[in-house]
Amino acid sequence: MALLMHLRRALGNEVLSSSTSRGFHAALPCFAKAKKGGKGGAEEVEQEVATGKCDLKVATGINILKSGNDPALGPNEAYPDWLWKLGEPSPNLAELQQKGWDNLADLSEKKRLVKLMARQEIKVKNALKAKK
């Protein structure tokens, strides 16, 4: 049930907004924007968000077929473990350099360190070119 909230946190609001894609959170009452000029609509939405009365049993807006239904969200245990790690921030360059090359846990951290070091070097070179 928390899949929808976790995906929203992991991917960010700009990815899941209704203006850029078929964002599934826009159709839910707890994430819907209040209509301007309406009577009491904004207060109801704010109350649902504040009290946590949002019903997250269906991923609204995920269905792309005209005749299909929106998929139901299952329990958290039904989803793979890697899905819950998507929202965790990756270590930045300073953290990886502080650990040191030999102390990095696995190959993915070493690849990330090399990538971030190359990115930093490019930024420095571009800054030097811009000053000349």
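In what follows, the structure referred to is the one given above.
Quick caveat, the model's predicted, so the values are computed rather than measured.

Cut-offs applied
Residues numbered from 1 in each chain as written. Predicted model: local features only at pLDDT ≥ 70, side-chain atom pairs only at ≥ 80, totals over all residues. Heavy atoms only, no water. Salt bridge = Lys/Arg side-chain N within 4 Å of Asp/Glu carboxyl O. Helix = DSSP H or I, 4+ residues; strand = E, 2+ residues; numbered from the N terminus. Buried < 20%, exposed > 50% of the residue type's maximum accessible area, 1.4 Å probe, protein only. Core = buried A, V, L, I, M, F, W, Y, C linked by side-chain atoms within 4.5 Å. Contact = heavy atoms within 4.5 Å. Polar contact = N/O pair within 3.5 Å; in protein donor to acceptor, adjacent residues only side chain to side chain. Expected span 1.5 Å × (residues − 1). Phe/Tyr/Trp six-rings, centres within 6.5 Å; stacked < 30°, edge-to-face > 60°.

What follows is about the pattern of salt bridges. The full count for this structure, using the stated rule, is two salt bridges. Residue Glu109 pairs with Lys99 through a salt bridge whose shortest N-O separation is 3.4 Å. A residue pair is termed long-range when its members are at least 10 positions apart, and Glu109 in helix α5 (residues 107–131) and Lys99 in helix α4 (residues 93–99) qualify at ten residues. By relative accessible area, Lys99 is classed as partly exposed at 38%.

One finds Leu93, Leu96, Leu104, Leu113 and Leu116 forming the largest nonpolar core, which totals five residues. Elements with a contribution of two residues or more to this core: α4 and α5. When near neighbours in sequence (up to four residues on either side) are disregarded, Leu93 contacts Leu113, Leu116, Met117 and Gln120.

Our next topic: the side chain of Asn63. For Asn63, the location among the structural elements is in the loop between α2 (41–51) and α3 (81–84). Asn63 gets classed as buried once you look at its relative accessible area, which sits at 13%. From its side chain, Asn63 meets the backbone oxygen of Gly68 in a polar contact 2.9 Å long.

Here α5 is 25 residues long and its end C-alpha atoms lie 37 Å apart, about the 36 Å a rise of 1.5 Å per residue gives. Of the residues making up α5, those classed as buried are Glu109, Leu113 and Leu116. For α5, the elements touching its buried residues are α4.

One pass over the structure, following the stated rule, counts one aromatic pair. Between Tyr79 and Trp84, the aromatic rings sit 6.2 Å apart at their centres with planes inclined by 85°, giving edge-to-face as the arrangement. What makes Trp84 partly exposed here is its relative accessible area of 22%.

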